[in-house]
Every structure is written in structure tokens, then in C-alpha cells.
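Coordinate inspection notes
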Amino acid sequence: MKLSALLFCSLAFNALLALLVWNSWFKTRSNTTPVNSLTNRTVRAFAPAQKAEIPAATRPREVLETFHWSQLESEDYRVYTANLRELSCPEATVRDIVIADVNEMFYRRVNDLVGSVQNRFWELMTKPKELQQLVDEKWKELKELDAERTLLLQELLGKFERTSARQESANLESRELSRQFVDFLVPEKADEYLKLEQRFAVARDAFHSRQPPISQNELQTQLKQLQEQQDHELAELLSPDELEEYRLRKSGFADLRHKLSGFQATGEELRELARIENDMDGTQPAERRERMKEFLGADRFAQFERAQSPQYQEIYQVGDRFGLSNAEIADAYEMRKVAEGSARQLRSDQHVSLQNRMAALKVIQEETTRALTDVLGPEAYNTYRSRSGQWLDELGTKP
Amino acid sequence: MKLALAFSLGLNVALAMITWRNSKEQFRALQKPVTSPAVTQIRYEHTPISPPIELGAITNRFQWRMIESRNYEEYVRNLRAVGCPEKTVRDIIVAEVRKTYSARSASVPLATSFWSCGPERQAAERRRVQNQRDLDQESQTLLRHLLGSDLPAESQEEAEDLVEQAILRFLAGPLPDAVFEKVHLVLKQMSDIEQRSNDILLPSEKQQLWNLRQQSLASLQRFLSSAQYDELTRRFAASQLVDHEFRDFQVSGSELREIAGLYAGIYGLPLEAVAFSGNDEEGHTVEQKALFENSLLGFLGETRFAEYKRETDSEFQNIKAFIEQQSLSPEVAIKIYESKTLFDEHSRHLKQAGILSASEIENELQQAQRSMRSAVQQLLGGKSFELYVRQQGGWVTNSTRP
């Protein structure tokens, strides 16, 4: 009887130990972050031989005196992170500290990775194929390193969205622009509109990123329905006047306001142009142009059209950077128009011999260059010449 | 039963030993760095301490809020006072300041109405950009004030780009870390100036770049041995050469090194080319270009120099691309290019000589063109010739037209 009880106990103990062995084996296998990354942290602070000098701050002196950073340092990132949290270090600061620390560790590993091929620099620079092959290999290794780093950071910091600083800035800027877009609404309504816009943007994203992906036709149908729903809700939220303003602001014409270099117009005028464009949607472009010309008058309409010309915008970009006036920029643009017009006329004149034509074109080129340099100034002219001056070369060389 | 008991007890002992060994190994793995050939050895700032400290009693009294402050100066002072390593102080403060300022910068409003355009909108945009630059400047000044001049070149985002880091490291060569940081910082500053200029550099910005360049050259010469400086200069020059002039011209590694030396000797350390990832030819004077070509002629000899000139000529590159596309022999590209060069020279000579009348020149050129046309047709074959004329070979058919 005693023997069987002993055997029972021993067997139970067998089972317990077997469970422990299996558990520890499973733990080791399932820990996918390489242990060396987790435990390879560089310890930087050590207990001082003498106590640190405490500044005359308003902090509880005796507590600060008893604490030293070395007390939370560890070679193991997990311990270090836990220690920081134990001190109620804000999660954002824990992230800043850990990410910078981990980045530095991986930076050293990148150095090692590159270091092994440094002595082949000159050979590789002259063998593009071999260099490419090596780049591909190293790229793979770097991607593995990157994945390891992501895993390590996730293990230490949990799953958080690693939004880059640039991305965050872009998000903030886009929020700022959305606010400006609805500055014709009272603040409460503007907030409601932004929420509505956000809600539909999320819904659209959900359709786009659905897994498994839906067919293109299905996607288009869903998006169309979503748009109709959004339009319907907007119509309920906004008054008719507000809705009209909203539509004008959303129209493609409204985007033109970013591109009208040098064209001065009041908000009312620009809005009226957008209204003409919207109201006459579906009519011939010439009709719309005529209506706009009527509204602006011939001179200002010419300025409006000039502002949209790519050739004018090229000169404007340079002139504006160099602080030239609108009149000077307009003069330079007119010079180009006149020079190109004269050259065209000369080239189409069959009575002029090749030699005479080339000579005349050369004169036009030289005169235009001189006039442009005068009006733009040498610095701006040289910049313009190197960026967009191909037409000047062609002026004197194209027969 | 006795046998079963003995076996079970034996198994217990064995399992207990395995469990003990496993737990010991796991504890070791947590406490000590595991070295493997792929992993960098830890570089300690001081002698390492062993196991992590139990915080218990201390954390009961010490809390982060005791050192944290809205006043950055005080925050830095407190961090230093508790023995926080300088690198960690920098990591914390740089991240905090950059986050704060980038949020402020992104929120700078565009102070103009929605329906504004032209000069009014541009003025508002300029004001916005200026405000953002002022904030950027303010954050740099603040960081320098808090941490000294030794600021990191890169933002966290850039530090995260391992590929980018690897490329620059490879290009710069085996430099000491501190010097590499300096090079990186200068490149970053140059690239910032260029980006801000929207690709249109004002004289003041050119001056800024020049000053930066002079300062960094002086600093690099101070921190590097002449051999290290020479190697860095040649490497940067080589990266510029293989991306442009020497993209298609074959040289050996040692030849490239020599040519990069000639290039750097004439144009200097091409920092701008690396910083802007583009061609830095714009800043080269005609005299410098002539000097480089002469040096190259001396180094390569006449025959190879002629090959170099051909390979860098865009006309030849176009012909070569077409020949490759048609899977024809590379020799064909060379022959067509030579025919074209001869024809161009002949044509130029006739036009400049001024001996013949326009109609005589035309006749002469038409004759030359006919023979050249049949030569090119023979080289390419019927179908490829037709395609070539359509795509880029207008010169074969209409060069003589008035």
C-alpha cells in the first residue's frame, strides 16, 4: 500500500516535471525576437563613486539624492523598459528613449554589415552588375535587420503605430487645410462637417483595404453608394447657400487658385469665375472663355490666361524667387513670345536663304538674350537659362 | 512495482536536472549578452554592471515626475543630476523638442482666405514658410543651448532608414564615427538649403552653401589624416563620376580611383553632389572642365580618351540604346556614330567656309547624305533602318534641308 502511494506520488511528480520541461522548451521556441537583440543593450550609467551634484531645483532633494540612473540601467532591454515604466516614466518618453537606443544598436550592426565590403569599394564601383548583386544581398540583410528591430520594439513597447514625424506633420497640415476649407461655416457646423468627412474617409479606406479584396466593379459600386450617402448627409447638414459654397470650393476650378502666378483677383472675382465654370459645365470651352472674358474685361482676362501658361510660370518661378516685380516678369515673358514669333515667321519664309536665315536667327537670339539679362538681372537670367532656357538655344540653332 | 517505482524516481531525477539546466540557461540569456558573429560586440562606456537592479524601495519614493519639467533647462538639469547618461539626455530632449516644434510648425496657418490667388496667396505662403523656418531655427537654437553644439544630424525617421545609412556609410568609407556624423550633418544641412530653395538657389543661399563647404572642409582636414581625407574625397568624386561621366565608360577600380583623384584635385570635394544626389556640374567653370579633360587625356591616352568622349556623347548613347533594343552588335553603334560625326563635321565645314553658295552646299550635302544613308541602311538592315529613321535618325534624311 505504501509502495503504491509512493509510486503514485512519483508518477505525479514525473508528470509535473515533464510539463515544466515542455513549457520551458515551448517558451524558448516561441520567443521569436533574437535574445541577443534583447540583451545586447549598451549600459551607459553606472553607480558613481561620489554622489552627483544636485542642482538647486525645487525637487524633493533627499529622494533625488537617493536615486541614480544606474539603478534602472540594464543590458536587457526588457528590464530597462520595465524599470522606466516602474518610475512612471510617460509612455511617450519610454518610446523616445527605447527607440533611439535600439536604433543606435542597429546602426552599429549596419556598420558591421557595410564594413565587410568596404575594401571592395573601388572594384565594385566599376562593376555595376556585381554592385547591384551585392546591393540586393545587403538589402535583404537590411530588411531582415529591420524586421528584427520592429519585432524587438514591439516586444518592448507593444503594438503601437510607428507614425513617422513627417507623416504626423503631414496629418496636422492636412487637418489645418481642412479647417480652412470650411472657414465659411460656424465653428460647430465646421466640426460636424469635419467629423462627417472623416467618417466617410474611413469608410472609403475600409473598402479599399478589404481582405480578400473586392472586385473593381463591386468597389466602384460601393464607393458610388458611399458618395451618394455622403452627399445626402451633407445636404441635410448645410443650408443651400453653404452647399453652393461647398461645391464651388470642391470644384476643380478652385484648385486653379494655387497656379495663377502673378494674377491678382479678389475672392469675389475668383468665386464668380468658379461659378461660371460650374454653371457652364458641359458647354464648349470657347463659350466659357468668352463668358469669363466678359466678366473680367479683355486686359484682365489676358492676364488670367497668361498666368496659366507654363512658359510664363517658368519665368515667374525664377523671377519671384529673385524678388522681381510682376511687370518685369511679364516683360520677360513678352520678350519670349515676340522672339519665338519672329523666329517662326522667319523659318516659314521660303524666300530667305539658309545662310541669311541662320544669321537673322542668331541676331534674334543675341538680342533676346541681352534684353532678358537686362530685365531679369544676370543672376536670375543665368538661373532661368539653366532651368528653362532650351528655347533660347533653339532660337539660334534650329534652321 | 519496485521496478516501476525505481524507473519513475530515476525519471524524476533526470527531468529535474533538465528543468534546472533550462531555467539556468534562460536566466543567463536574460542577464548576459549573447554574442554571435552577426552581432556587434557591446561597447561599454564604462565597466558593465551585472544583473538588473531591483527598483522596489527606490521607486516607492522616486517618480519620473520629480525630474520631468515643462522647462527644458530644468528637465535637462534634473536628468543630469540623477546620472542620466548624456546620450540618453539627448535622446529624450531632442525627441521632445522636435515633436513639439514639428507640431507647432505644421499648425502654422496659411493667413489668407480660401479664395485668394496670385501675389496675395504667394505672400501668405511665403509668410507661412518663413514662420516655419523661424520655428525650425528656434528649435535648433534651443537644442544647441540645452545640449551643446553636438546635435545629431538625423531625425529619428532618418535614423530608422537602415538602407539609407548603409549607402552613406559605404560611400564615405571607414571613417571614425564622430567624423562620419560631421559629414552626415553637413550633407543634411546642404540638402536642407537646397530643398528650401525649391531648386532655385539665390546668391545668399549659394554663399551659405559655400561657407558651409569651407567650414566642413577645414573641419574634416583637422579631424582626418591626409590619407583618410584623400580617400573620402576620391570616393565622393567616384560616386559622381560613375553616376554621370563614367556611367558607360569602362575603367578598372584602380583607374577610377586615379581619375577620381584628378576630378577632386580640380573641382574639390563634391559634397554638393552627394548632398543633392544630382549632378554638380553647374558649379564647374569652363576652365575647370577643360583642365579635367586635359588631365583625363593625359591619363587615358588618345585612343581611350576618344572612346570616353564617344561614350559620354548623348548622340552615341541614343544610337547605342537603339542598337541594344534591336539586338544588333555594339560595333554597329560605333560605326553609325562615326558616320554621323564625319557627316556633321563635313556639313559644318561647308557652311562655315563660305566658299559655296547655298544651293551648292545643299547639293554637296545631299550627295554626302545619300552615301551615308546607304551605309547606315546596310549596317542596320531594312526594318531596323526604317524604325531608326522614324525614332531618331532624322539626320539621315533631312540634315540638308534648308
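Predicted model, so just to flag it, every value in this text is computed and none were measured.

**A closer look at the overall build of chain A**
Secondary structure summary: chain A contains 19 helices and 0 strands in total. In chain A, which comprises 399 residues, the proportion classed as buried is 41%. Considering only contacts within chain A whose residues lie at least 6 apart along the sequence, 61% involve residues at least 24 apart. Accessible surface, chain A: about 22,400 Å² in total, of which carbon and sulfur atoms supply 52%.

**With respect to the overall build of chain B**
Helix and strand counts for chain B come out as 19 helices and 0 strands. For chain B, with 402 residues in total, the buried portion stands at 41%. Contacts spanning at least 24 positions in sequence make up 59% of the contacts within chain B whose residues lie at least 6 apart. When the accessible surface of chain B is totalled, it reaches about 21,600 Å², and 52% of it is carbon and sulfur.

**Quick look at the pattern of salt bridges**
Residues and elements named next belong to chain A. Under the definition given, this model contains 47 salt bridges over all chains. For arginine 336, the salt bridge identified is with glutamate 340, shortest N-O distance 3.4 Å. Note that arginine 336 and glutamate 340 are positioned in helix α16 (residues 326-348) at a spacing of 4 residues, about one turn of the helix. Take arginine 336: its relative accessible area is 9%, and that puts it in the buried class. What emerges from the salt-bridge pattern is a single network uniting Asp183, Glu245, Arg249, Glu268 and Arg271.

**Some remarks on a negative patch on the surface**
Residue and element names in this part refer to chain A. A cluster of acidic residues, Asp136, Glu137, Glu141 and Glu144, forms a negative patch at the surface. The residue glutamate 144 is located in helix α7 (residues 128-157) in this model. When its relative accessible area of 55% is taken as the criterion, glutamate 144 is described as exposed.

**Considerations on the packing of helix α13 (residues 285-296) of chain A against helix α14 (residues 298-307) of chain A**
Helix packing for two helices is described by the angle between their axes and how far apart those axes are. Residues and elements named next belong to chain A. Closest axis-to-axis distance for the α13/α14 pair is 7 Å, and the angle between their directions is 125 degrees. Here α14 runs oblique to α13, going by the angle between their axes. Classified by chirality, the crossing of α14 by α13 is right-handed. Residues Arg289, Met292, Lys293 and Leu296 of α13 form the contact with α14, whose participating residues are Ala298, Arg300, Phe301, Phe304 and Glu305. Of the residues contributing to the contact of α13 with α14, the split by class is 5 nonpolar, no polar and 4 charged.

**Brief notes about helix α10 (residues 216-237) of chain A**
Residues and elements named next belong to chain A. The end-to-end C-alpha separation of α10 is 31 Å, in line with the 32 Å expected for 22 residues at 1.5 Å each. Within α10, the full set of buried residues consists of Leu219, Gln222, Leu223, Leu226, Gln230, Glu233, Leu234 and Leu237. Take α10 and look down its axis: the buried residues cluster within an arc of 110 degrees, on one side only. For α10, the exposed residues lying more than 90 degrees away from the buried face are Asn217, Lys224 and Glu236.

**What to know about unusual backbone geometry**
The linkage connecting glutamine 211 of chain A with the following residue, proline 212 of chain A, adopts the cis geometry, with an omega of -5 degrees. Positive phi, normally seen in glycine, also occurs at aspartate 199 of chain B, with a value near 75 degrees. Its location among the elements puts aspartate 199 of chain B in the loop between α8 (177-196) and α9 (203-223). A positive phi angle, close to 55 degrees, is found at serine 327 of chain B, a residue other than glycine. One can find serine 327 of chain B in the loop between α15 (314-325) and α16 (330-353).

**Thoughts on the nonpolar core**
Ranked by internal contacts, the top residues of the largest apolar core, which has 98 residues, are Trp69 and Leu84 of chain A together with Trp64, Leu79, Ile93, Phe236 and Phe292 of chain B. Here this core gets 11 residues from one element, more than from any other, and that element is helix α5 (residues 91-115) of chain A. Not counting residues up to four positions away in its chain, the partners in contact with leucine 84 of chain A are Trp69, Leu72, Cys89, Val94 and Ile97 of chain A together with Trp64 of chain B. Core analysis: the second largest hydrophobic core is formed by 37 residues, Leu185, Ala190, Leu273 and Leu296 of chain A among them.

**Here we look at the confidence of the model for chain B**
Low pLDDT marks regions whose predicted coordinates should not be analysed in detail. Residues and elements named next belong to chain B. Predicted confidence across chain B gives a mean pLDDT of 80, with 83% of residues reaching 70 or more. Here residues 27-53 is modelled with pLDDT under 50, and outside its nearest four sequence neighbours on either side it reaches 53 contacts, counting other chains as well. Model confidence for the complex is summarised by a pTM of 0.68, with the ipTM given as 0.73.

**Thoughts on the packing of aromatic side chains**
Considering all chains together, one arrives at 22 aromatic pairs over all chains under this definition. Note on phenylalanine 301 of chain A and phenylalanine 304 of chain A: the rings are 6.1 Å apart at their centroids and 40 degrees apart in plane angle, and the pair reads as tilted. Placement of both phenylalanine 301 of chain A and phenylalanine 304 of chain A in helix α14 is noted, with a separation of 3 residues, approximately one turn of the helix. Judged by its relative accessible area of 4%, phenylalanine 301 of chain A is buried. Chaining the aromatic ring pairs together yields one cluster made of Phe181, Tyr193 and Tyr246 of chain A together with Phe114 and Trp115 of chain B.

**Describing the environment of glutamine 369 of chain B**
With respect to the element layout, glutamine 369 of chain B can be found in helix α17 (residues 358-380). Residues glutamine 369 of chain B and serine 347 of chain B, 22 residues apart in the sequence, show an inter-C-alpha distance of 9.9 Å.

**Section: the packing of α17 of chain B against helix α18 (residues 382-391) of chain B**
Residue and element names in this part refer to chain B. Contact pair α17 / α18: the axes reach a minimum separation of 7 Å and the direction vectors enclose 120 degrees. On the basis of their axis angle, the class for α17 and α18 is oblique. Where α17 crosses over α18, the handedness of that crossing is right-handed. In this structure, α17 uses Arg373, Val376, Gln377 and Leu380 to contact α18, whose residues at the interface are Gly382, Ser384, Phe385 and Tyr388. Tallied by class, residues from the contact of α17 with α18 come to 4 nonpolar, 3 polar and 1 charged.

**Topic: the side chain of glutamate 205 of chain B**
Looking at the element boundaries, glutamate 205 of chain B is found in helix α9. For glutamate 205 of chain B, a relative accessible area of 9% gives the class buried. In terms of polar contacts, glutamate 205 of chain B uses its side chain to reach the side chain of arginine 321 of chain A, at 2.5 Å. Apart from the residues within four sequence positions on either side, glutamate 205 of chain B is in contact with Arg321 of chain A together with Ile193, Ser197 and Ile200 of chain B.

**Focus: a nonpolar patch on the surface**
Together, Phe13, Leu16 and Leu20 of chain A line one region of the surface with nonpolar side chains, adding up to about 280 Å² of accessible area. Mapped onto the secondary structure, leucine 16 of chain A falls in helix α1 (residues 2-30).

**Points about the environment of phenylalanine 276 of chain B**
In this fold, phenylalanine 276 of chain B is placed in helix α12 (residues 271-276). Those residues in contact with phenylalanine 276 of chain B that sit more than four places away from it in its chain are Met190, Ser191, Glu194 and Leu209 of chain B.

What counts and what doesn't
Residues numbered from 1 in each chain as written. Chains lettered and ligands numbered in written order. Predicted model: local features only at pLDDT ≥ 70, side-chain atom pairs only at ≥ 80, totals over all residues. Heavy atoms only, no water. Helix = DSSP H or I, 4+ residues; strand = E, 2+ residues; numbered from the N terminus. Buried < 20%, exposed > 50% of the residue type's maximum accessible area, 1.4 Å probe, protein only. Contact = heavy atoms within 4.5 Å. Areas by Shrake-Rupley, 256 points an atom, 1.4 Å probe, with all protein chains shown as cover. Salt bridge = Lys/Arg side-chain N within 4 Å of Asp/Glu carboxyl O. Patch = residues over 30% accessible without salt bridge, like charges linked within 9 Å, V, L, I, M, F, W, Y side chains within 5 Å. Lys, Arg positive; Asp, Glu negative; His and termini not counted. Charge placed at Lys NZ, Arg CZ, Asp CG, Glu CD. Axes fitted to C-alpha atoms, helices over the stretch in contact; angles between N-to-C directions. Parallel < 35°, antiparallel > 145°, perpendicular 65-115°, else oblique. Left-handed = near helix turned anticlockwise from the far one by under 90°. Nonpolar A, V, L, I, M, F, W, Y, C, P; charged D, E, K, R; others polar. Expected span 1.5 Å × (residues − 1). Arc of directions from axis to C-beta. Core = buried A, V, L, I, M, F, W, Y, C linked by side-chain atoms within 4.5 Å. pLDDT = per-residue confidence, 0-100. Phe/Tyr/Trp six-rings, centres within 6.5 Å; stacked < 30°, edge-to-face > 60°. Polar contact = N/O pair within 3.5 Å; in protein donor to acceptor, adjacent residues only side chain to side chain.

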